[in-house]
Amino acid sequence: MQPIQLDEPHDARPWWQQLTAYHWFVFLMASLAWLFDCLDQQLFILFRDTALTNLLPEGANVKTFGGYATSIFVAGWATGGLFFGSLGDRIGRAKTLTITVLLYSVFTGLSALSTSWVDFAVYRFITGLGVGGVFGLAVALIADTLPPGARTWALGVLQALSAIGNVTAGLISMYMGTLISAQQITSDQAWKYAFLVGAIPAFLCVFIQLRLKEPQKWTEAREAGRLSGVKFGSYASLLGPGRWRKPAILGILLCITGVIGLWGIGFFAPELVGDVIHTSLKDKGLSDTEIASQATYYKGLNSIIQNVGAFLGMLSFAYIAQRTGRKFAFAIAFIGAFLATNLYFRMFQGVDQLWMSGVMGYFQLALFAGFAIYLPELFPTRLRSTGTSFCYNVGRFLAATGPFTLGLLQQKLGESAIAKLPETANAVARDAARLSAFRDATSWVSLVFIAGLVVVYFLPETKGQPLPEDD
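Quick caveat, the model's predicted, so the values are computed rather than measured.

## Brief notes about the packing of aromatic side chains
Phase 1: For the structure shown, the criterion picks out 32 aromatic pairs.
Phase 2: With a centroid separation of 6.1 Å and an interplanar angle of 75°, the aromatic rings of Trp191 and Phe195 are classed as edge-to-face. Separated by four residues within a single helix, Trp191 and Phe195 lie in helix H6 (residues 187-197), roughly one turn from each other. With respect to burial, Trp191 and Phe195 carry one shared label: buried.
Phase 3: Measuring from ring centre to ring centre gives 4.9 Å for Tyr362 and Phe363, while their planes differ by 75°; the resulting arrangement is edge-to-face.
Phase 4: By relative accessible area, Tyr362 is classed as partly exposed at 28%.
Phase 5: Here the aromatic residues Trp34, Phe135, Phe317, Phe330, Phe334, Phe368, Phe371, Tyr374 and Tyr392 are joined through ring pairs into a cluster of three or more.
Phase 6: Sitting over the ring of Phe44, Arg48 keeps its end group 5.6 Å from the ring centre.
Phase 7: The residue whose ring lies beneath Arg222 is Phe232, and the NZ or CZ to ring-centre distance is 4.8 Å.

What follows is the structure in structure tokens.
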């Protein structure tokens, strides 16, 4: 099979002008699948603590169990990515994408019916299975369908559009906050309604199943593979002796750092916002209802600001990667993520500083545009979905420890800080000590971005190189 040139296409037109109507349909379906995937992820992040507060027995440590639930969700994500990524190379990207969208949307909706933290965690694990499968499938679908000259920007924009899903989740959280304030619903009901909204993407499956075809490149390669006996979606081919093992290992290390940084720190921003608001409003003597309303509202607003920054960051990454190279873009993003994360979690003191969240989102999520652009450039057609999903998701087994590690570190630092307080310290002082411990914990975990910068040094540069195929 002849290699396809990635960054030096014969067509000099802007990438969007190179797409036919069907190309746009493929791009739209893949982007919506990933956008709604991220919507459901973000709904979990925003309503995780509220749900667990209602599902756990009184006196249970909500933040600790929030770390457990997040780790379980991320572990399901990793498992689904491994399974469905391989399945996509074996039976087709379009068929498998339909299954994953149906899975994550239905079980997000079922999360609203949880009666204990145990069944809530089970629903989140199964949701994670579907969530984990979408990214590699959507990326491979676009990489194998769209013209070479449109590929880099299309993949960057696909990832950038995921921020729209996150922003939508933030708007839902703000709307729930206004309903709580108007006493039309209670905070006990808000999380259930939010998760029910997350079931809507199931209807997208109808359009995917009816019109989306498997990429011609994949069908031709699959037919040739049947004749030659070459295995598709084989982890033995990916990780066994041969040319694909090294890029797989480097890809895993690259993704681990970004995933731990985002899920172990960045997506705990709502907890920081909620704690700061709770402490300030409680000190003013406001009612529990007003505190809950304000916290829900500003968590949503923070999510919107964070993801507007993410949208711009991912587009910036695509531009830099296209102009100067993938490695340079990754290096900038990792340095910026380390600095911006520490700025936000160390310095945030009130809602007038929510702009810091946008800066953090700009750099942290820019890395994920890099994953969408870079990973499919490392593997051949028969392993493109498998390799992309493997790198993007297998690291989540390690990343799943990030929220738990952050929670445990915060707990230990918090206990130490509280022990130093005088016995007469009031609840406000104790809350302030716990918040300070949370800030310290995030600073330590953010060192993972520096580790990512080290990985970048060993990466191959793929700008201007053809998509790889077997010799």
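Now that the structure has been shown, the text picks up again.
## Section: the nonpolar core
Phase 1: Formed by 121 residues in total, the largest nonpolar core has its most connected members in Phe330 and Phe371.
Phase 2: No other element matches helix H1 (residues 21-55), which puts 17 residues into this core.
Phase 3: Setting aside chain neighbours within four positions, we find Phe371 in contact with Phe135, Leu254, Cys255, Gly258, Phe330, Pro376 and Tyr392.

## A look at the side chain of Thr98
Phase 1: Examined against the element boundaries, Thr98 turns out to sit in helix H3 (residues 93-111).
Phase 2: The class for Thr98 is buried, based on a relative accessible area of 10%.
Phase 3: A polar side-chain atom of Thr98 sits 3.1 Å from the main-chain carbonyl oxygen of Ala94.
Phase 4: Residues within four places of Thr98 in sequence aside, it is in contact with Cys205, Ile208 and Gln209.

## What about the packing of helix H5 (residues 148-181) against helix H14 (residues 355-374)?
Phase 1: The geometry of H5 relative to H14 is characterised by a closest axis approach of 8 Å and an angle of 140° between their N-to-C directions. One way to sum up the angle between H5 and H14 is to call them oblique. As for how H5 packs across H14, the hand of that crossing is right-handed. Listed contacts from H14 to Thr152, Leu155, Gly156 and Gln159 of H5 are Phe368, Ala369, Ala372 and Ile373.
Phase 2: Each residue belonging to the contact of H5 with H14 can be placed in one class, and the counts come to five nonpolar, three polar and no charged.

## Looking at the packing of helix H12 (residues 288-323) against helix H13 (residues 326-347)
Phase 1: As a packed pair, H12 and H13 sit with axes 9 Å apart at the nearest point and diverge in direction by 160°. By the angle between their axes, H12 is roughly antiparallel relative to H13. The handedness of the crossing between H12 and H13 comes out as right-handed. Residues Asn302, Phe317, Ile320, Ala321 and Gln322 of H12 touch H13, and the partners they reach there are Arg326, Phe328, Ala329, Phe330, Ile332, Ala333 and Tyr344.
Phase 2: Class assignment of the residues belonging to the contact of H12 with H13 gives a composition of nine nonpolar, two polar and one charged.

Scoring rules and cut-offs
- Residues numbered from 1 in each chain as written.
- Predicted model: local features only at pLDDT ≥ 70, side-chain atom pairs only at ≥ 80, totals over all residues.
- Heavy atoms only, no water.
- Phe/Tyr/Trp six-rings, centres within 6.5 Å; stacked < 30°, edge-to-face > 60°.
- Helix = DSSP H or I, 4+ residues; strand = E, 2+ residues; numbered from the N terminus.
- Buried < 20%, exposed > 50% of the residue type's maximum accessible area, 1.4 Å probe, protein only.
- Lys NZ or Arg CZ within 6 Å of the ring centre and 35° of its normal.
- Core = buried A, V, L, I, M, F, W, Y, C linked by side-chain atoms within 4.5 Å.
- Contact = heavy atoms within 4.5 Å.
- Polar contact = N/O pair within 3.5 Å; in protein donor to acceptor, adjacent residues only side chain to side chain.
- Axes fitted to C-alpha atoms, helices over the stretch in contact; angles between N-to-C directions.
- Parallel < 35°, antiparallel > 145°, perpendicular 65-115°, else oblique.
- Left-handed = near helix turned anticlockwise from the far one by under 90°.
- Nonpolar A, V, L, I, M, F, W, Y, C, P; charged D, E, K, R; others polar.

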